[in-house]
Amino acid sequence: MVSIAKDHLASNQKESEVKKVLRIIKETANGIGKNDLTRKTQWLSRRDRSDILETLVDSGQVELHNFSTGGRAKTVLRATASK
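Conventions used here
- Residues numbered from 1 in each chain as written.
- Predicted model: local features only at pLDDT ≥ 70, side-chain atom pairs only at ≥ 80, totals over all residues.
- Heavy atoms only, no water.
- Axes fitted to C-alpha atoms, helices over the stretch in contact; angles between N-to-C directions.
- Helix = DSSP H or I, 4+ residues; strand = E, 2+ residues; numbered from the N terminus.
- Parallel < 35°, antiparallel > 145°, perpendicular 65-115°, else oblique.
- Contact = heavy atoms within 4.5 Å.
- Nonpolar A, V, L, I, M, F, W, Y, C, P; charged D, E, K, R; others polar.
- Core = buried A, V, L, I, M, F, W, Y, C linked by side-chain atoms within 4.5 Å.
- Buried < 20%, exposed > 50% of the residue type's maximum accessible area, 1.4 Å probe, protein only.

Take the packing of helix 2 (residues 13–26) against helix 4 (residues 46–58) next. Running from N to C, helix 2 and helix 4 point in directions that differ by 75°, and their axes come no closer than 10 Å. Considered as vectors, helix 2 and helix 4 are oriented roughly perpendicular to each other. Between helix 2, through K14, E17, V18, V21, L22 and I25, and helix 4, the contact on the second element is made entirely by D48, D51, I52, L53 and L56. The residue inventory of the contact of helix 2 with helix 4, partitioned by class, reads seven nonpolar, no polar and four charged.

Below, the discussion takes up the nonpolar core. Counting 13 residues, the largest nonpolar core has V21, I25, L37, L56 and L77 as the members making the most contacts within it. Looking at this core, the elements that each hand over two or more residues are helix 2 and helix 4. Among the elements that line this core, the one with the most residues is helix 2, at five residues. Those residues in contact with L56 that lie beyond four places of it in its chain are V18, V21, L22, I25, Q61 and V62.

Laid out in structure tokens, this is it:
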């Protein structure tokens with residue numbers, strides 16, 4: 001119950017948005033593609049989304065994996081194991 005509350009409580013709007021994006025990423029077992037994440041976070045501006053992803057990657061909560069496909073490279077985001 002405490003961990004659920006920890007995932008939802010925030011002291012400001014920016015922290016709330018970061019936690020919401022992290023929950024979206026954690027919901028997928030194999031990671032979420034960057035395009036799918038963009039669709040699920042349409043309420044964010046491109047700049048805010050980029051800032052949030054940079055924050056999550058820098059803090060070690062999310063890992064970026066790039067896969068080459070036949071054409072454009074695919075970026076998949078995965079939540080790291082919680083401590």
